Amino acid sequence: FLGKINQIPPRHSAIQIAGKRAYDLARKGHEFELKPRPVEIFSAEISQYEFPFLEMTIHCSSGTYIRSIAHDIGQMTGCGGYVEELRRLKIADLKVEEAIQLEDIDQDNWLNKAFAVEKIFTQAIWIDLSRQDYDVLARGNFVEAAKYCQNRTDNKLILARFDQQLVGVVEFTEEFTKLKFKKKFNIVISN
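Since we're looking at a predicted model, the values are computed, not measured.

**Student:** I'm lost on the pattern of salt bridges in this one. Help?
**Tutor:** One side chain can pair with another of opposite charge once the charged atoms of both are near each other. One pass over the full model with this rule turns up five salt bridges. In this structure, D135 engages R131 in a salt bridge whose closest nitrogen and oxygen atoms are separated by 3.3 Å. Of this pair, D135 and R131 both sit in helix α5 (residues 131-138), four residues apart, which is roughly one turn of that helix. The exposure class of R131 is partly exposed, given its relative accessible area of 32%. With a closest N to O distance of 3.8 Å, K180 and E171 form a salt bridge. Residue K180 is classed as partly exposed on the basis of its relative accessible area, which comes to 27%.

Structure below.
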């Protein structure tokens, strides 16, 4: 299971098939086929084994279905397999050890305990808009992509800042030559 593999998602996943979620179709007993998707398993270690329970720590790419790995291990060993408990230990640069208990957050300290948005979206492309371009985008118009993104990117998240504030998500249009807001956040911009 290590390396780049094609994985068939579980039938009870949120993947859309003809506009419907797979889990809705599965619950209604509809027949459908899920196509394999490329994922990568960087490491898979057995932490504990006490028949019939196997505990593993898996480092994998985004989009990997651990339930599918459990099923595939069960098929390979001939005894069946499912996930009894699943715990995410890390996503991007955020680790479970850095997590804060909800009961430790209140209206006086929440801002001090929050992560900077740049730490959460480490894989995103960040652009810093000029005042003029922010105003153009805020009115629903386009700006030239070449001013902010030198290389075309098909699926990277592009986050826009103005005056050190996250103002929205932008996307390419017109054959990757222009940018527009995909989602503009409602924030207060001073004159």
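Back to the write-up after that little detour.
**Student:** Mind showing me how you'd approach a nonpolar patch on the surface here?
**Tutor:** Where nonpolar side chains cluster on the molecular surface, the patch consists of I100, L102, I105, W110 and L111 and spans about 530 Å² of accessible area. Among the structural elements, I105 can be located in the loop between β7 (94-95) and α3 (110-113).

**Student:** How should I be thinking about the sheet that holds strand β11 (residues 165-173) in this particular structure?
**Tutor:** The strands making up a sheet associate through backbone hydrogen bonding, with each pair oriented either parallel or antiparallel. With mixed pairing, five strands are arranged side by side in an open sheet as β8-β10-β11-β12-β9. One side of each edge strand has no neighbouring strand; the edge strands of this open sheet are β8 (125-128) and β9 (143-144). With six bridges joining them, β11 and strand β12 (residues 178-184) adopt antiparallel strand pairing. When the sheet's bridge partners are listed, T173 is paired in β12 with K178.

**Student:** Would you take a moment to explain the sheet that holds strand β5 (residues 53-60) for this structure?
**Tutor:** Ordered by their spatial adjacency, three strands build an open sheet running β1-β4-β5, and the pairing between neighbours is antiparallel. With partners counted over all chains shown, the strands left at the sheet margins are β1 (3-7) and β5, one partner each. Across the sheet, the mean angle separating the axes of adjacent strands is 55° when strand polarity is ignored. Sheet topology places strand β4 (residues 37-50) next to β5; eight bridges connect them, and they run antiparallel. Residue pairing in the sheet places E50 in a bridge with F53 of β5.

**Student:** How should I be thinking about the layout of surface pockets in this particular structure?
**Tutor:** In this approach, a probe sized like a water molecule rolls over the atoms, and the result shows the empty space that is left. Considering only enclosed or pocket space, the second largest pocket measures out at about 220 Å³ in volume. If you trace the second largest pocket, you find it lined by N6, I8, P9, P10, R11, R67, S68, H71, D72, Y82 and V83. Ranked by the residues each element gives to the lining of the second largest pocket, the list is headed by helix α2 (residues 66-77), at four residues. Split into classes, the residues belonging to the lining of the second largest pocket amount to five nonpolar, three polar and three charged.

**Student:** Teacher, can you tell me more about the nonpolar core here?
**Tutor:** Across soluble globular proteins, nonpolar side chains show a tendency to be buried alongside one another. In this structure, I127, L129, V167, V170 and L179 are the most contacted members of the largest nonpolar core, which totals 18 residues. Taken together, the elements giving at least two residues each to this core come down to α5, β10 (158-162), β11 and β12. In this view, L129 contacts Y134, L137, Y148, A160, R161, F162 and V167; residues no more than four positions away in its chain are not counted. Listed in part, the six residues of the second largest apolar core include I15, A22, A26 and L34.

**Student:** Any chance you could explain the packing of aromatic side chains here in plain terms?
**Tutor:** What characterises a pair of aromatic rings is the spacing of the ring centres plus the angle enclosed by the ring planes. Scanning the entire structure with this criterion turns up two aromatic pairs. A ring pair is formed by Y134 and F162, whose centres lie 5.2 Å apart and whose planes are at 10°; its orientation type is stacked. A residue pair is termed long-range when its members are at least 10 positions apart, and Y134 in helix α5 and F162 in strand β10 qualify at 28 residues. Across the pair, exposure class does not vary: Y134 and F162 are buried alike. Here Y134 and F181 contribute two aromatic rings whose centre-to-centre distance is 6.4 Å and whose plane-to-plane angle is 80°, an arrangement assigned as edge-to-face. Here Y134, found in helix α5, pairs with F181, found in strand β12; they are 47 residues apart in sequence, far enough to count as distant. Accessibility assignment for this pair places Y134 and F181 in one class, buried.

Cut-offs applied
- Residues numbered from 1 in each chain as written.
- Predicted model: local features only at pLDDT ≥ 70, side-chain atom pairs only at ≥ 80, totals over all residues.
- Heavy atoms only, no water.
- Salt bridge = Lys/Arg side-chain N within 4 Å of Asp/Glu carboxyl O.
- Helix = DSSP H or I, 4+ residues; strand = E, 2+ residues; numbered from the N terminus.
- Buried < 20%, exposed > 50% of the residue type's maximum accessible area, 1.4 Å probe, protein only.
- Patch = residues over 30% accessible without salt bridge, like charges linked within 9 Å, V, L, I, M, F, W, Y side chains within 5 Å.
- Areas by Shrake-Rupley, 256 points an atom, 1.4 Å probe, with all protein chains shown as cover.
- Pairing = 2+ DSSP bridges.
- Axes fitted to C-alpha atoms, helices over the stretch in contact; angles between N-to-C directions.
- 1 Å grid on protein atoms, 1.4 Å probe; cavity = no way out; pocket = protein on both sides within 12 Å on 5 of 7 lines; lining within 4 Å.
- Points joined across faces, edges and corners; volume = space filled by probe spheres on them.
- Nonpolar A, V, L, I, M, F, W, Y, C, P; charged D, E, K, R; others polar.
- Core = buried A, V, L, I, M, F, W, Y, C linked by side-chain atoms within 4.5 Å.
- Contact = heavy atoms within 4.5 Å.
- Phe/Tyr/Trp six-rings, centres within 6.5 Å; stacked < 30°, edge-to-face > 60°.

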